[in-house]
Structures are given as C-alpha cells and as structure tokens.
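Each chain is listed here by its residues.
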Amino acid sequence: MASQIGCLLILTGLAGGHSITTNSKVTGMVGGPVSVPCSYVDKYKNHVKYLCRGYYWNSCSYSFKSNQNSPKFSISDDKEQKVFTVTIKDLTPTDADYYWCNVEINNGADDGVRFQLSVTASNEKHSPALEKFLIPLSLLIFILIVTLVTWFLLKRLKQAKAESVAATNEEEITYSTVTVTTNTTRQIQSDADSAVTYSSVVIPSKTNG
C-alpha cells in the first residue's frame, strides 16, 4: 500500500520536503468529498496531524485536527503506512483554496506541506421525490417504445403474408382466349339465293309442213 501511494505521489506531482509529501493539486466536485493522502516520516508517527487553510504558512487558518470530530472534515492516520488522509466533505465552490497538511510539533515549529484544492461543478442532482417519479416514467416510456415496435413489426409481418398469399393465388389462375367465328359468308350466300327469281322460257318448235 505504501509503495502504491508513493508511486501516486510521484506521478501526480509532489509538494513538500522529505518530511511530509502530498499531491500539489487536488480536484473535487461540488457536493462530493475529496480525500488527500499526506505521507510523513517515521518520527511523526505519534504526532497530531491537522489541516490548515491559506496560501502562506504563517497566515493560514486552522481548520481541523486528527483528534477532533467534524461533519465537514476528517483525518484518518495509518501509522503503519505512515500516511494520514485528509477528507473534506460536501464540497462547495467556496472550499476551493490552498490548504496545508500539517504535523504538530511539541516544543517546536510545526511541519507541513501545501496543496491546492479546485472544486468543479457537478451535474445537477435530482431530489429523491423527483427520482421516484423519473424511474417509473422512464420504465413507462420504455414499455411504450417496445409496444410500438412490436405492433409495427406485426403489422409488417401481416402485410407481407397477405402479399405472399395474393401472389400465390395469382400464379394459380389459368387464362384462356376464346375466339368466336361467325359464318358470315354462308349467311350472305343464303340471302342472295333467296333474292333470285327463277323463270322458265318455253321456245315453240317449228314444224315443216
């Protein structure tokens, strides 16, 4: 664990001397907590740790000690790993500032390291009542979408089936051409025969006498 924290401090940028080290810049989100690990040397294992706010060491304002209780701040001290972690809760934009991870020295000047805290805006949080309303509403919208998609697919399926049946019936129909021929010539001939008048001519024969 100590090696992992040490690598983290090296990669993200160190602040402080060899006695106390921490991240030089820390970022938190509005409404959330932020935790800052501060490592120290073995001789500070049993010393009181505290958080101080301000850019300059000699003018920073005391914020919180490890042997105190606060709803805003907390300090956990892992003496085996020689790391104490400062946590600031319920961040607001006014919490953005410079802070010091300090070790209290009896009969001497305290030791500490400075870090800069930046606070960024978070996404708007919904109230519990609104969340209770949004969850069933989202579920209802989802069910409605699924129902519409299912109805559309069934409609397309029925339409395709009907078109398929119609095409099959059309293929089974047999078409035939019937040609009607009228006996016009015979009719004309019959009419002509009925219009003709036949007459007999008798030629008298001459007798020699």
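Higher on the page you've got the structure.
Keep in mind that this is a model prediction, so the values were computed, not measured.

Q: How would you summarise the pairing of strand β9 (residues 97-103) if you had to cite specific residues and measurements?
A: For β9, a buried count of five out of seven residues is recorded, marking the element as mostly surrounded by other parts of the structure. Across five bridges, strand β5 (residues 49-53) lies against β9 in antiparallel orientation. Its bridge partner lying in β9, Leu 51 is registered against Cys 101.

Q: Tell me about the sheet that holds β9, and please be specific about residues and values.
A: Spatial strand order, β3-β10-β9-β5-β6: five strands in an open sheet with mixed pairing. Taken across any chain shown, the strands that pair with only one partner, and hence form the sheet edges, are β3 (25-29) and β6 (61-65). Mean inter-strand twist for the sheet, computed between neighbouring axes without regard to direction, equals 30°.

Q: Any details on unusual backbone geometry? Residues and values, ideally.
A: One non-glycine residue with positive phi stands out, namely Lys 82, at about 55°. Assignment of secondary structure puts Lys 82 in the loop between β7 (73-78) and β8 (83-88). Despite not being glycine, Asn 107 shows a phi value in the positive range, around 60°. Note that Asn 107 resides in the loop between β9 and β10 (111-120). Assessed through its relative accessible area of 86%, Asn 107 is described here as exposed.

What counts, and at which threshold
- All residue numbers refer to position in the chain's written sequence, counted from 1.
- In keeping with the model being predicted, local features are shown solely for residues with a pLDDT of at least 70 and side-chain atom pairs are shown and tallied solely at 80 or more, while totals for entire chains, interfaces and linings include all residues.
- Hydrogen atoms and water are omitted, and side-chain values are computed over all heavy atoms in the structure.
- Only protein chains enter the calculation, and the probe is 1.4 Å; a residue is then buried if its accessible area is under 20% of its type maximum, exposed if over 50%, and partly exposed in between.
- A run of H or I in DSSP counts as a helix once it spans at least four residues, and a run of E counts as a strand once it spans at least two, with each numbered from the N terminus.
- Whether two strands pair comes down to DSSP finding at least two bridges between them.
- Only C-alpha atoms enter the line fits that serve as axes; for helices the fit covers just the stretch in contact. Angles between N-to-C directions range over 0 to 180 degrees.

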